[in-house]
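Understanding the architecture of this molecule
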Amino acid sequence: MSNTLATGVAPGPRGAVEKAVVVSAVAETARPKGSRASRLRGHFARYWQLWIMVLPAIAFIVVFSYIPMYGIQLAFREFDVTKGLTGGAWVGFKYFEQFFNNPQFGQIMMNTVTISLWTLVMGFIAPIILALLINQISSRRVKGFTQTITYMPHFISTVVMVAILQIFLAPGSGIMGRFFGDVSLLGDPGAFAHIYWISEIWQHTGWNCIIYLAALSSVDLALYEAAKIDGAGRLQLIRHVDIPALLPTAGILLILNMGSVLGVGFEKVYLMQNTLNITASEVISTYTYRVGILGNQFSYSTAIGLFNAVVNFAFLILANYIAKRASNTSIF
């Protein structure tokens, strides 16, 4: 009896076998693990095919993301072409203070945050709505045609996209510009941010909704059938089945997008800029180009770029922390 209570198994041949299994499992757990080097060798021996598959991506990240970080020190040095990156005098936070004390600093930050937040918020909501709408199409042919039409603009180059905007918004002759008289909307500082994010949404919403459609395709059909039996309508299916299925994916994508809050694209903004809207279109990336490349102030532009990267990283960490505490969804 005491033996039965101690081991948790009944006496007899079957109980003896179960006891032996339990003892073996305990011994296996108590056995000291090998060294870290041996565990690593075992890991690579087992998964070497997967490591070979991701090796090009790892090499790409190392070469183009980590090795260039050696040049970050340029933000703290007085750059001298004849002395290289490490030959200039150490000046500390001189260039950061120069940027913060710049009279344009407030306007540049306001323009960057305004354009970025509009694009981030609307660019986050629009693909979810489009994915929910496409998922409601029952005909596979119509559904495939709709997907193709919506993500085709994603492949339009930035130069062509800005040219289309200029043609559409041309005063007097453009499809939309004729409704605004002789004033070009691209020359209106108040309309610049809206033109930017609306065109961004139109161009990339179809492409960005693909990942949400993939998440919806993994939903168990039994959930729809059970909801319909309970009397759920189409809107209730979207609310209680589709949206909960999208929340984990949407949370991860939102966290990743928060890492580029101040990362407004340079090419499109620079091509849309003119002397009339420069007060609303000058963002960190275009200002860095003007003072760094055109003005040959390489240390100053490096400091601005480093400040931008640090702020984006801080937003990423904060968004990940909040998402982890609120919904247990995070990337690390």
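Residues numbered from 1 in each chain as written. Predicted model: local features only at pLDDT ≥ 70, side-chain atom pairs only at ≥ 80, totals over all residues. Heavy atoms only, no water.

**What to know about the overall build of the protein**
Definition in use: Helix and strand labels come from DSSP, where a helix needs a run of H or I of at least four residues and a strand needs a run of E of at least two; each type is numbered from the N terminus. Partly exposed describes any residue whose relative accessible area lies between the buried limit of under 20% and the exposed limit of over 50%, with all areas from a 1.4 Å probe on protein chains only and scaled to the type maximum. Should any heavy atoms of two residues lie within 4.5 Å, those residues are considered in contact. Using the Shrake-Rupley algorithm and a 1.4 Å probe, accessible areas are obtained, with residue cover drawn only from the displayed protein chains.
Of regular secondary structure, the protein possesses 15 helices and zero strands. Burial analysis of the protein (332 residues in total) assigns 32% to the buried set. Relative to all contacts within the protein whose residues are 6 or more apart in sequence, the contacts with residues 24 or more apart total 62%. Total accessible area on the protein stands at roughly 21000 Å², and carbon and sulfur atoms take up 68% of it.

**Some thoughts on unusual backbone geometry**
One non-glycine residue, Asn296, lies in positive phi territory at about 60°. Within the fold, Asn296 resides in the loop between α14 (284–294) and α15 (298–327).

**Observations concerning the packing of aromatic side chains**
What characterises a pair of aromatic rings is the spacing of the ring centres plus the angle enclosed by the ring planes. The line we're drawing: Note on aromatic contacts: the rings of Phe and Tyr and the six-membered ring of Trp form a pair at centre separations within 6.5 Å, being stacked when their planes are under 30 degrees apart, edge-to-face when over 60 apart, and tilted otherwise.
As enumerated under the stated definition, the model contains 23 aromatic pairs in all. On the basis of an interplanar angle of 85° and a centroid distance of 6.2 Å, the ring pair of Tyr151 and Trp207 is categorised as edge-to-face. Residue Tyr151 is found in helix α6 (residues 140–151), and its partner Trp207 is found in helix α8 (residues 189–208); the two are separated by 56 residues along the sequence. A relative accessible area of 25% places Tyr151 in the partly exposed class. The exposure class of Trp207 is partly exposed, given its relative accessible area of 35%. Cluster of aromatic residues (ring-pair linked, three or more members): Phe99, Phe100, Phe105, Tyr287, Tyr300 and Phe307.

**Remarks on the packing of helix α5 (residues 105–135) against helix α11 (residues 234–258)**
Where we set the bar: Every axis in this analysis is a line fitted to C-alpha atoms, fitted for helices over the stretch in contact. Angles between the N-to-C directions lie between 0 and 180 degrees. With respect to orientation, any angle under 35 degrees is reported as roughly parallel, any angle over 145 as roughly antiparallel, any angle of 65 to 115 as roughly perpendicular, and every other angle as oblique. Two helices crossing with the near one rotated counterclockwise from the far one by less than a right angle form a left-handed crossing, whereas a clockwise rotation gives a right-handed crossing. For this scheme, ten residues count as nonpolar: Ala, Val, Leu, Ile, Met, Phe, Trp, Tyr, Cys and Pro. Four count as charged, namely Asp, Glu, Lys and Arg, and the remainder, Gly too, count as polar.
Between α5 and α11, whose axes approach to 11 Å, the crossing angle comes to 150°. Here α5 lies roughly antiparallel to α11, going by the angle between them. Seen along the crossing, α5 lies across α11 with a hand that is right-handed. Seen from α5, the contacting residues are Leu120, Phe124, Ile128, Leu132 and Asn135; seen from α11, they are Ile238, Asp242, Ile243, Leu246, Ala250, Leu254, Asn257 and Met258. Per-class residue counts for the contact of α5 with α11 are 10 nonpolar, two polar and one charged.

**Focus: the nonpolar core**
Put simply, the test is: Definition of nonpolar core: a set of buried residues of the types Ala, Val, Leu, Ile, Met, Phe, Trp, Tyr and Cys, connected through side-chain atoms within 4.5 Å.
Counting residues in hydrophobic clusters, the biggest one holds 21 residues, and the most contacted among them are Phe96, Tyr287, Tyr300 and Ile304. Beyond its immediate sequence surroundings of up to four residues, Tyr300 is in contact with Tyr95, Gln98, Phe99, Asn102, Tyr287 and Val291. Ranked by size, the runner-up nonpolar core spans 17 residues in total, among them Met161, Leu185, Tyr196 and Val269.

**Some remarks on the side chain of Thr288**
Tracing the sequence through the fold places Thr288 in helix α14. Other than its neighbours up to four places away in sequence, Thr288 contacts Ile293, Ser301 and Ile304.

**As for α14**
Three or more residues of α14 are buried, namely Ile284, Thr286, Tyr287, Thr288, Val291 and Gly292. Buried residues in α14 make contact with α4 (94–100), α5, α12 (266–272), α13 (278–281) and α15. At the exit of α14 stands Asn296, carrying a positive phi of roughly 60°.

**Some details on the confidence of the model for the protein**
Rules: Per-residue confidence from the predictor is reported as pLDDT, which spans 0 to 100.
Predicted confidence across the protein gives a mean pLDDT of 85, with 90% of residues reaching 70 or more. Overall, residues 1–14 carries pLDDT values under 50, and its contacts beyond four positions in sequence, including any with other chains, amount to 10 contacts. Throughout residues 20–32 the model reports pLDDT below 50, and contacts reaching past four residues in sequence, or to other chains, amount to zero contacts.

**As for the environment of Gly174**
Within the secondary structure, Gly174 sits in the loop between α7 (158–168) and α8. As for Gly174 and Ser184, which are separated by 10 residues in sequence, their C-alpha atoms are 9.8 Å apart. With near-sequence residues (within four places) excluded, Gly174 lies in contact with Ile167 and Phe168.

**Remarks on α7**
Count 3.6 residues to each turn of an α-helix, and residues three or four apart come out pointing the same way. Using the following cut-off: The arc in question is the one spanned by the directions pointing from the helix axis to the C-beta atoms.
If you check which residues of α7 are buried, you get Met161, Val162 and Leu165. Seen end-on, α7 carries its buried residues on one side only, within an arc spanning 95°. Facing away from the buried side of α7, by more than 90 degrees, are the exposed residues Val159 and Ile167. Elements that come into contact with the buried residues of α7 comprise α8 and α12.

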